[in-house]
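A look at the structure
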Amino acid sequence: MRMLILLLKKLFAFVKRDFLLEISYRISFLLQVFGIFINVSVFFFLSKLLGSAQMPQLAEYGGNYFAFVLIGIAFNYYLSVALNSLSSSIREGQTMGTLEALLVTQTEIPTIIISSSVYSFLFTTVRVIIFIIIGVFVYGLDLSRANYVGAVVILCISIVAFSSFGILSASFVMVLKRGDPVASFFSGISWLLGGVYYPVSILPSWLKPFSYLLPITYSLEGMRLALIKGASFYNLLPSIFSLLLFTAILMPVSIYSFQYAIRLAKRDGSLTHY
Amino acid sequence: MKAVIETFNLTKHYPKIKGYKDLALHPFRKQYTVALKNVNLRIEEGCFFGLLGPNGAGKTTLIKILSTLVLPTEGKAFVNGYDVVQQHRHVRQSIGLVVNDERSFYWRLTARQNLDFFATLNNLSSPEKEGRIDEVLHITELYKDANRRFSDFSTGMKQRLAIARGLLSDPAIIFLDEPTRSLDPLSARHLRKFIKEEIVCKHNRTALLATHNLYEAEDFCTHIAIINNGAIKACGPIDDIKAQIKSGRSYILRLSPDSRFTELGLLTSADSILPVPEDTRTFYVESANIALVISDIINRGGSVEECTLKTISLDDVFTRVIEDTQER
């Protein structure tokens, strides 16, 4: 119990640190909100253009491209944070020079790295909420049937599954410093095949099976069904199980890789190099 | 006395970074740089220990191994009785590391916010944290500036905050890696005075100071080790090392004004004779038998006005040890 309280205090300390640093750059937050507004507007007008065309691939998501793409983009933010925040917290510590001071504290490296990304997830949640609020209240996105509990469950499992790739990416940054192949490859391939901007069913039949190898496909599928169609837990089970399977396979591999990377960096004396 | 730091044949090899040509021609050949060679060290509780050596001697590598930031290639190291590889958590509970890199703080946070963050990471509970932060801010004379941003601090204040951070968890052992390196002479003198009074005299901590500043080491270290090319060349209490070197026979010899023999360079009875600049009658003489040198001078028609034993400084010790190593 004492360990858990200590851990939560440390998580809070990292969130507080990042929040204080964030608000010290006063104009940055406002610019980010403005960026979200522009983003939503672009896709609203794009969907108006496409609105008159019949798109059978969107039928299972209610036929509305705006709702489809808004959820795709919003939850792709999480993928992006999960993929990049762990490695960027290491990179930032290396280049800023704070990593060495953190590593000699009585906090373990995994706790330091994971806690460093908590603020990014919280901030992304705020961004996604703003994104959806603009969609609902300004552009009339209909979420009246949404299964919010189901969406939160899908989101939580997705974050853990995506973070496996993030931990793997962090392992590369720990050793290679720059030129991490995981984040750039996985991020690009997820945009292409994961169904962020268009349904997976639009892909050619030879390419479609590859999309099922990506957790984001199941994540966005489940999220859209929960929020747009209000799908029940029973209907969300295929997505939930697929994401759990990804987590069960990827997480141990990632953790092992990360521990190996730390050992390698300590052996080479490059833990704090950049 | 209990040893709080002990190393046994501690060795560290760093892999060399290969160029593109080497990678293409010899992709599997491994090349290493030797940073530490069979280092055996014993530092007792309450000792202020100086680790002296030129740049690249291996001082920082040794401190990084003892701080669990780098793994040794061979040998063993124990800090406060804990193995630095197997029991790194316990080691980190026992140490405070003061690095000279002012980038190791968050520049846009205040001194207090920085210390609060690092105190939480050092498992200090909320009630003791506030008290401890105030205490280290008082010790480092930064209490009044605690709510100023770190970026507004002078280099000396930044270094004192680094010491405050090192003291936060009230560690048994404190490592100071060249704490005055980036300071101007006045700030360095102030910080040295502060370290001596607060860390050495008042709090009597075990401290390991890595430095190439001999004045600094002589000022507050009781024991030293001289390290060069990764190997310990001399180790022990400063006075013992000076005595060893002095077997040492350094003298200042002054000829009488009427001495008919002044060409002391011709003497073969001394190991070395150097004239004192801008003084034709005074010489630095090194010899195991000064009586023989003096009688040699007298036999050649000279006369000696004064001969005094030269006090050996740490500078002399350091230079002699390093030169001996290079000659070998």
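**Things to note about the overall build of chain A**
- Helix and strand counts for chain A stand at 10 helices and 0 strands.
- A principal-axis box enclosing the C-alpha atoms of chain A has dimensions of 60 × 45 × 40 Å.
- Counting only residues that meet the buried cut, chain A has 42% of its 274 residues in that class.
- Of the contacts made within chain A by residues no fewer than 6 positions apart, 78% connect residues no fewer than 24 positions apart.

**With respect to the overall build of chain B**
- Check the secondary structure of chain B and you find 11 helices and 14 strands.
- With respect to the principal axes defined by its C-alpha atoms, chain B has extents near 80 × 60 × 45 Å.
- A buried classification covers 39% of the 328 residues belonging to chain B.
- Within chain B, contacts between residues separated by at least 24 positions form 71% of all contacts whose residues are at least 6 apart in sequence.

**Focus: the interface of chain A and chain B**
- In this assembly, 24 residues from chain A lie in contact with 25 residues from chain B.
- The set of elements that each furnish at least two residues to the side of chain A that touches chain B consists of α1 (2–24), α4 (99–103) and α10 (233–268) of chain A.
- Tallying contributions element by element places α1(A) first for the side of chain A that touches chain B, with 8 residues.
- For the side of chain A that touches chain B, a count of residues per class yields 10 nonpolar, 7 polar and 7 charged.

**Digging into the pairing of strand β13 (residues 282–286) of chain B**
Residue and element names in this part refer to chain B.
- In β13, alternate side chains face the same way, and those of F283 and V285 are buried while those of T282, Y284 and E286 on the opposite face are not.
- Sheet topology places strand β12 (residues 272–275) next to β13; 4 bridges connect them, and they run antiparallel. What sits directly across from L274, in β13, is Y284.
- Adjacent in sequence and paired antiparallel, β12 and β13 are bridged by 6 residues, among which E278 carries a positive phi angle near 60°.

**Concerning the confidence of the model for chain B**
- The predicted model of chain B averages 86 in pLDDT, with 97% of residues at 70 or higher.
- Across the interface, the model reports ipTM at 0.84; the global pTM reads 0.82.

**Observations regarding the nonpolar core**
- Ranked by internal contacts, the top residues of the largest apolar core, which has 142 residues, are B:F49, B:F175, B:L208 and B:L209.
- Considering every element that reaches this core, the biggest residue donor is helix α3 (residues 65–96) of chain A, with 16 residues.
- When neighbours within four sequence positions are excluded, B:L208 is seen to be in contact with B:I5, B:I43, B:F49, B:L51, B:I63, B:I173 and B:F175.
- Residues B:L264, B:F283, B:V293 and B:I297 belong to the second largest nonpolar core, which totals 7 residues.

**Describing the domain arrangement of chain B**
- The domains assigned to chain B are domain 1 (46–67 + 87–243) and domain 2 (249–311).
- Taking only C-alpha atoms into account, the centre of domain 1 of chain B sits 45 Å from that of domain 2 of chain B.

**What to know about the packing of α3(A) against helix α7 (residues 181–193) of chain A**
Residues and elements named next belong to chain A.
- At a minimum axis separation of 11 Å, α3 and α7 run at an interaxial angle of 175°. Taken as axis vectors, α3 and α7 run roughly antiparallel relative to one another. Residues L79, S80, L83, N84 and S87 of α3 form the contact with α7, whose participating residues are A183, F186, S187 and S190.
- A class-by-class count of the residues in the contact of α3 with α7 yields 4 nonpolar, 5 polar and no charged.

**Here's the deal with the sheet that holds strand β1 (residues 3–15) of chain B**
All names here are of chain B.
- Taken in spatial order, the 4 strands make up an open sheet running β2-β1-β4-β5, and their pairing is antiparallel. Only two strands of the sheet have a single partner each, and these edge strands are β2 (32–44) and β5 (82–83).
- For β1 and strand β4 (residues 74–79), the ladder comprises 5 bridges, and the chain directions are antiparallel. Each bridged residue has a counterpart across the sheet, and for T7 the counterpart in β4 is A77.

**Observations concerning the sheet that holds strand β3 (residues 48–52) of chain B**
All names here are of chain B.
- Across the sheet, 6 strands lie side by side as β6-β7-β8-β3-β9-β10; this open sheet has mixed pairing. Because the sheet does not close on itself, it has two edges, and the strands there are β6 (95–98) and β10 (231–237). Neighbouring strand axes in the sheet, compared pairwise and without regard to direction, differ in orientation by 15° on average.
- Bridge count between strand β7 (residues 173–177) and strand β8 (residues 206–211): 5 bridges; the pairing is parallel.

**Let's talk about the packing of α1(A) against helix α4 (residues 111–121) of chain B**
- Running from N to C, α1(A) and α4(B) point in directions that differ by 155°, and their axes come no closer than 9 Å. On the basis of their axis angle, the class for α1(A) and α4(B) is roughly antiparallel. Both α1(A) and α4(B) take part in a crossing whose hand is left-handed. Here α1(A) contributes A:K9, A:K10, A:A13, A:R17 and A:L20 to the contact with α4(B), which in turn contributes B:Q113, B:F117, B:T120 and B:L121.
- Partitioning the contact of α1(A) with α4(B) into residue classes produces 4 nonpolar, 2 polar and 3 charged.

**Points about helix α9 (residues 215–229) of chain A**
Residues and elements named next belong to chain A.
- For α9, with 15 residues, the first-to-last C-alpha span of 21 Å sits near the 21 Å given by 1.5 Å per residue.
- The buried count for α9 comes to 14 of 15 residues, which makes it a mostly enclosed element.
- In the stretch just after α9, G230 is the one whose phi turns positive, near 65°.

**Structural notes on unusual backbone geometry**
Residues and elements named next belong to chain B.
- Even without being glycine, N38 reaches a positive phi, approximately 40°.
- Mapped onto the elements, N38 comes out in strand β2.
- In the Ramachandran plot, N229 falls in the positive-phi region, its phi being about 50° despite a non-glycine side chain.
- Assignment of secondary structure puts N229 in the loop between β9 (223–228) and β10.

**Here's the deal with the environment of A:L20**
- In this structure, A:L20 sits in helix α1.
- Sequence-distant contacts of A:L20, defined by excluding residues within four places in its chain, comprise B:L109 and B:Q113.

**Some remarks on the pairing of β10(B)**
- Both β9(B) and β10(B) contribute to a ladder of 6 bridges, which runs antiparallel. Across the sheet, residue B:A225 finds its bridge partner in β10(B), namely B:C235.

Definitions and cut-offs
- Residues numbered from 1 in each chain as written.
- Chains lettered and ligands numbered in written order.
- Predicted model: local features only at pLDDT ≥ 70, side-chain atom pairs only at ≥ 80, totals over all residues.
- Helix = DSSP H or I, 4+ residues; strand = E, 2+ residues; numbered from the N terminus.
- Buried ≥ 20, exposed ≤ 12 C-beta atoms within 10 Å, placed from the backbone.
- Contact = placed C-beta atoms within 7 Å.
- Nonpolar A, V, L, I, M, F, W, Y, C, P; charged D, E, K, R; others polar.
- Pairing = 2+ DSSP bridges.
- pLDDT = per-residue confidence, 0-100.
- Core = buried A, V, L, I, M, F, W, Y, C linked by C-beta atoms within 7 Å.
- Domains from an automatic or database assignment.
- Axes fitted to C-alpha atoms, helices over the stretch in contact; angles between N-to-C directions.
- Parallel < 35°, antiparallel > 145°, perpendicular 65-115°, else oblique.
- Left-handed = near helix turned anticlockwise from the far one by under 90°.
- Expected span 1.5 Å × (residues − 1).

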